[in-house]
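Here is how the chains run, residue by residue.
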Amino acid sequence: MKILFKISYYTVWGQQILVTGNIPELGNGDLSKALPLNFRNQEDWVGEIDVNLQASVTPTYKYVLYTEQTGQYFEEWNDNRTIIADPSKTDYFFCYDNWNSPAAVENTFLTAPFQNVLLREQHENEEVKTIVKYSHVFRIKAPLINKNQVVCIIGDCRELGNWSTINPRLLHFCADGFWQTELDLSKIQGDAHYKYGLYDLTEKIFNNFEDGPDRIAPVVNSKKTIIKLTDGFIRISSQTWRGAGVGLPVFSIRTRKSFGVGDFGDLKLFIDWAQRVGLKLIQVLPLNDTIGTHTDADVLPYAAISAFALNPLFLNLPAIGKLPADNPLQKVYETKQAELNDLELIAFLDVINFKLEYAKELYLMQKDDFLNNKDFYRFFEKNKFWLVPYAAYCLLRDRNKTSDYRQWKDFDKYDATKIAEFTAPQQTHYDEIALNYFIQYHLHVQLSKAADYAHQCGVVLKGDIPIGVNRNSVDTWVSPELFHMHMQAGAPPDMFAVKGQNWELPTYNWDAIKRSGFDWWKKRFAQMSNYFDTFRIDHILGFFRIWEIPTNHVEGIMGHLNPSTPIHINEFSEKGLWFDYNRYCKPYITDTILWDFFGDEASYVKTNCLQIEDGWVLRLKTPYQNQASIEKMFEEGKISEKVKWGLFDLISNVLLFEVEGSNGSLFYPRYGFESLRTFRDLDDYTKNKLRELYVDYFYRRQDAHWYQSGMEKLPALKRATNMLICGEDLGMMTHCVTTVMNELGILSLEVQRAPKSDKLEFFHPADAPYLSVVTPSTHDMSTIRGWWEEDRDVTQRFYNSQLGHWGEAPWFCDWWICRDILLQHLYSPAMWAIFQMQDLLSISESVRRENPHEERINVPSNSKFSWRFRLHFNMEDLLKNDDFNNELKNYIIQSGR
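Now for a quick tour of the structure.

1. Considering the overall build of the protein
Here's step 1: In terms of helices and strands, the protein carries 28 helices and 35 strands.
Here's step 2: In summary, the protein has a C-alpha radius of gyration of 31 Å against a globular reference of 29 Å for 897 residues, a match within 12%.
Here's step 3: Each of the three principal axes of the protein carries a C-alpha extent, and together these read 100 × 85 × 75 Å.
Here's step 4: With 897 residues in all, the protein has 58% of them scored as buried.

2. Quick word on the nonpolar core
Here's step 1: By size, the foremost hydrophobic cluster in this structure holds 235 residues, and its most contacted members are Phe 5, Trp 273, Tyr 437 and Leu 647.
Here's step 2: Sequence-distant contacts of Trp 273, defined by excluding residues within four places in its chain, comprise Val 246, Leu 279, Met 837, Leu 840, Met 875, Leu 878, Leu 879, Phe 884, Asn 885 and Leu 888.
Here's step 3: Of all hydrophobic cores here, the second largest spans 30 residues; its members include Ile 154, Cys 157, Phe 173 and Trp 179.

3. Considerations on helix H12 (residues 519-528)
Think of an α-helix as 3.6 residues a turn; residues three or four steps apart then line up on the same face.
Here's step 1: The complete set of buried residues in H12 reads Trp 520, Trp 521, Arg 524, Phe 525, Gln 527 and Met 528. One face of H12 carries all of its buried residues, which in axial projection span an arc of 160 degrees.

4. Overview of empty space enclosed by the protein
Here's step 1: Here the structure, examined in full by the defined rule, presents 9 cavities of 30 Å³ or more.
Here's step 2: Empty space within the largest cavity amounts to approximately 240 Å³.
Here's step 3: Lining of the largest cavity is provided by 23 residues; of these, Gln 283, Ser 777, Thr 778, His 779 and Ile 834 occupy positions nearest its centre.
Here's step 4: Elements that contribute at least two residues to the lining of the largest cavity include exactly strand E32 (724-727), strand E33 (748-751), strand E34 (772-775) and strand E35 (832-836).

5. Concerning the packing of helix H3 (residues 267-277) against helix H9 (residues 430-456)
Here's step 1: At a minimum axis separation of 10 Å, H3 and H9 run at an interaxial angle of 15 degrees. As judged from the angle between their axes, H3 and H9 are roughly parallel. Pair H3 / H9 crosses with right-handed handedness. Here Leu 267, Lys 268, Ile 271 and Asp 272 of H3 lie close against H9, whose contacting residues are Leu 447, Ala 450, Tyr 453 and Ala 454.

6. Observations regarding the side chain of Gln 366
Here's step 1: Among the structural elements, Gln 366 can be located in helix H6 (residues 348-371).
Here's step 2: Polar contacts involving the side chain of Gln 366 include one to the main-chain carbonyl oxygen of Ile 320, which spans 3.2 Å.
Here's step 3: Excluding anything up to four places from it in sequence, Gln 366 contacts Ile 320, Gly 321, Phe 438 and His 442.

7. What about the environment of Lys 2?
Here's step 1: For Lys 2, the location among the structural elements is in strand E1 (residues 2-8).
Here's step 2: Separated by 824 residues in sequence, Lys 2 and Leu 826 place their C-alpha atoms 54 Å apart.
Here's step 3: When sequence neighbours within four positions are dropped, the list of residues in contact with Lys 2 reads Glu 48, Ile 49, Asp 50, Asp 91, Tyr 92 and Phe 93.
Here's step 4: Only 3.2 Å separates the side chain of Lys 2 from the side chain of Glu 48, close enough to count as a polar contact.

8. A few points about the packing of helix H17 (residues 627-635) against helix H18 (residues 641-651)
Here's step 1: Packing of H17 against H18 leaves a shortest axis separation of 10 Å and a crossing angle of 175 degrees. Between H17 and H18, the angle falls in the class roughly antiparallel. Contact residues: Gln 627, Ile 630, Glu 631 and Phe 634 in H17; Glu 641, Lys 644, Leu 647, Phe 648 and Ile 651 in H18.
Here's step 2: Residues of the contact of H17 with H18, tallied by class, amount to 5 nonpolar, 1 polar and 3 charged.

9. With respect to the pairing of strand E16 (residues 205-209)
Here's step 1: As paired strands, strand E15 (residues 192-200) and E16 are joined by 4 bridges and run antiparallel to one another. By the bridge assignment for E16, Asp 200 is matched with Ile 205.
Here's step 2: The hairpin turn running from E15 into E16, its antiparallel successor, is 4 residues long, and Lys 204 in that turn takes a positive phi close to 55 degrees.

10. Quick notes on the sheet that holds strand E13 (residues 172-173)
Here's step 1: With mixed pairing, the 8 strands of this open sheet are ordered in space as E4-E5-E1-E9-E18-E10-E14-E13. Each edge of the sheet is formed by a strand with only one pairing partner; in this case those strands are strand E4 (38-40) and E13.
Here's step 2: Here E1 runs beside strand E5 (residues 44-50); their pairing, made up of 7 bridges, is antiparallel. In the sheet register, Ile 7 faces E5, and the bridge partner there is Trp 45.

11. Notes on the pattern of salt bridges
Here's step 1: All chains considered together, the criterion is met by 49 salt bridges.
Here's step 2: Across the salt bridge formed by Glu 210 and Arg 215, the nearest N and O atoms sit 2.8 Å from each other. A single burial state applies to Glu 210 and to Arg 215, both of which are buried.
Here's step 3: As a salt-bridge pair, Lys 384 and Glu 381 come within 3.1 Å of each other at their nearest N and O atoms. With Lys 384 and Glu 381 both in helix H7 (residues 374-400) and 3 residues apart, the pair spans about one turn of that helix.
Here's step 4: Through salt bridges with shared partners, a single ionic network connects Glu 76, Arg 81, Asp 97 and Lys 228.

12. Some points on the sheet that holds strand E25 (residues 546-550)
Here's step 1: Strand order in the open sheet formed by 4 strands is E23-E22-E25-E26, with antiparallel pairing between adjacent strands. Of all strands in the sheet, those with a lone pairing partner are strand E23 (501-508) and strand E26 (560-562), marking the two edges. Taken over all neighbouring pairs, the strand axes of this sheet differ in orientation by 55 degrees on average, direction set aside.

13. Some points on the packing of aromatic side chains
Here's step 1: Within the structure shown, the criterion is met by 79 aromatic pairs.
Here's step 2: Pairing Trp 521 with Phe 525 gives two aromatic rings, centres 5.9 Å apart and planes at 80 degrees, and the pair type is edge-to-face. Of this pair, Trp 521 and Phe 525 both sit in helix H12, 4 residues apart, roughly one helical turn. For the pair shown, Trp 521 and Phe 525 are each scored as buried.
Here's step 3: Between the aromatic rings of Tyr 799 and Trp 816, the centroid separation amounts to 6.4 Å while the plane-to-plane angle is 65 degrees, which identifies the pairing as edge-to-face. Linking Tyr 799 in helix H24 (residues 792-801) with Trp 816 in helix H25 (residues 815-826), this pair joins segments that are 17 residues apart in sequence.

14. Observations concerning the environment of Val 445
Here's step 1: As for its position among the elements, Val 445 is in helix H9.
Here's step 2: Judged by relative accessible area, Val 445 falls into the partly exposed class, the value being 22%.
Here's step 3: Between the C-alpha atom of Val 445 and that of Ala 628, which follows or precedes it by 183 residues, the distance is 43 Å.

15. Details of the pairing of strand E19 (residues 243-247)
Here's step 1: Where burial is concerned, most of E19 is hidden: 5 out of the 5 residues are buried.
Here's step 2: Burial along E19 is two-sided: Gly 243, Gly 245 and Gly 247 facing one way and Ala 244 and Val 246 facing the other are all buried.
Here's step 3: In terms of strand pairing, E19 meets E35 through 5 bridges, oriented parallel. Opposite Ala 244, over in E35, you have Ala 833 as the bridge partner.
Here's step 4: Where E19 and strand E20 (residues 281-283) come together, 3 bridges link them in parallel fashion. Directly across from Gly 245, in E20, lies its bridge partner Leu 281.

Rules of the game
Residues numbered from 1 in each chain as written. Predicted model: local features only at pLDDT ≥ 70, side-chain atom pairs only at ≥ 80, totals over all residues. Heavy atoms only, no water. Helix = DSSP H or I, 4+ residues; strand = E, 2+ residues; numbered from the N terminus. Rg over C-alpha atoms; globule rule 2.2 N^0.38 Å. Buried < 20%, exposed > 50% of the residue type's maximum accessible area, 1.4 Å probe, protein only. Core = buried A, V, L, I, M, F, W, Y, C linked by side-chain atoms within 4.5 Å. Contact = heavy atoms within 4.5 Å. Arc of directions from axis to C-beta. 1 Å grid on protein atoms, 1.4 Å probe; cavity = no way out; pocket = protein on both sides within 12 Å on 5 of 7 lines; lining within 4 Å. Points joined across faces, edges and corners; volume = space filled by probe spheres on them. Axes fitted to C-alpha atoms, helices over the stretch in contact; angles between N-to-C directions. Parallel < 35°, antiparallel > 145°, perpendicular 65-115°, else oblique. Left-handed = near helix turned anticlockwise from the far one by under 90°. Polar contact = N/O pair within 3.5 Å; in protein donor to acceptor, adjacent residues only side chain to side chain. Nonpolar A, V, L, I, M, F, W, Y, C, P; charged D, E, K, R; others polar. Pairing = 2+ DSSP bridges. Salt bridge = Lys/Arg side-chain N within 4 Å of Asp/Glu carboxyl O. Phe/Tyr/Trp six-rings, centres within 6.5 Å; stacked < 30°, edge-to-face > 60°.

Structure (structure tokens):
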């Protein structure tokens, strides 16, 4: 049998279309052995193979774009295509296909939230028997048509109805999501012209044709030829569906039964409320275990000790069981539950320590039944690749009183054989191991039940994947080769943190991750898909480049971009600059600067922290040349806080950072160096030339490199899951990030007060692209009301230019201003409008919190003292507030969401 392929795809020089498949002629899945197609006409790629198939073999195939310059293979989207034919009755099988791009909007509606929840009742997966004899197979996807509609086909021959809409040929819906029909067109002369349309089964009437020109089906007058036309998506408007959602950390939910913190059991009432007001999505913060030190530092949700384990903070204790009445801990529970639940903020350590203690008692009481539970056994077998190391980590952390596994003596390096022995049931400490199995199993059960309940209510859950993991985490212990442990991830200065951010998380060794086939990331996505339908990739820019800070520094400002092309020393001479290493790369210190930075303590710093070089130049002494050692001195009480911060500023008062190992030939420009004293004291010519190098480094030369970096990672990771992916693309944006996200159909985040163009002060929700999420604020920002009071001049401009109101802006953010901002976002063309819960409540004077400055979830520059926000009322009471709920629901319905 001869199989012929034809696909249209616009390529540029150096690109080629390949066909890969599960048969030897198509490379058996090996892309290097795939069938290269030949270029023909304007955009057509064609090729053919001769195959000797057994009747039991079903060939599958997929198209691949190969770019010779980069050596990259880019596969088309979705599952493999299938060739169904009887080799004994078929001489020729033609595959006329359309490239399935991940950028196609319609592919979004084939992701988990739409297929499993939001559009799940559109059509039933019923296979219809094909006719016995046919020459053509027509296949099309139409994910957005109404439940009472089916796809039909009409064309210019008798078999296609001669363009009559009275009794069109109806397609049947297949299990793979295609609409399909088979026809025998082998006897007609010439090509057949046709179009798809929509037919109403209830009214028995033709609704409309698809948009665009006629489609053309070639005809071969042969009984042993099959032509399969896979026509992609039906050409109807694909940007009509819009939804609204709410974002709130699970820990912020408050119910009458809460134990001082929101937990997975409390999610049910929050889901009830979302359904009540017409919200289709609930977005939460990361839920992974963060307990590394048993201190308040563990409150940070973005510094998990495991990328897989859930946080015991969210354990609903009554759902597991109840201790006997005579157990002292049960009496303490009843007292503490009332005390902790009355608190305005989360008493993190009180809550987590008691939950762990109570869970341990429950385990000891239930352990015999639990360890023989078949459901637990299935959970264990599926998750033991991370669960066993995690349980061992928790025990070793507590035994050694530190999460720094480098101090664990015999276990400082992970050894699978040694850990298998350490976690064996025969060990005397096995109960301490199994306790972690017990907690993780019940967390899994509780979150799974919450997700199932949300789906029953027509609500999808959106998770959050942090860009990194804790330096002292299970993941870095087990797989240190996947991380750069000598570096820290962070962010350059921005509106949230003027000195940048240092997240103290190791950066990724992407080369090692790529060699593993992205196994760790794929497992991470698979774990997320157990509970979530869609997720937010925190700091998606990190998949293109990451802001790296050496471990001997503290502030984010001391970082650089990786990967990036540094400035070569020859570039300075090309600009007409003499390269002065000491002036550019060492802290610039003068007596005036010392006085400005340290005031009355300037003389102390000059005497104790500085030395004189070359007769007059002030330099830092060796112990004071990195911020980490200075931080340690401060913690030991050797220097004051003022001296610490002043020394930090001195160290960062440089123009360039030398690239490690470059022997003085490569340099990273220090971010924002134009604001520094060292820059201000240069002559104008030098300033201008350094500014040109700075702009070229940060905004021009990196784009092609970062595009390739993103395309090496994100397509493989997107292919690993059917969850809808949203990217948190705030920060120092470049064109390549937007390009890759658009090409992969990853939703962007559009924040009204954080436009991505430096030419705009505000972003208007009406300008949002369809594949995006619009929001007035995020958990890293103040709420609408808090922001309104931060800068009077900014507020005034926003009031006049964005809200369209005349005159002076109110000093405080009245309910009607919040309503106007809410409506702007609801009426945006964006697929999703997602609001912080606090911003939704702000439209009602009777429901919102009195002090807006108590609503903020996180201050990025002071994260360790954030993450304790709770709602100021119980969800039970909000569900009964018909006035507010009806008002909000009415706004959502009227906006078409």
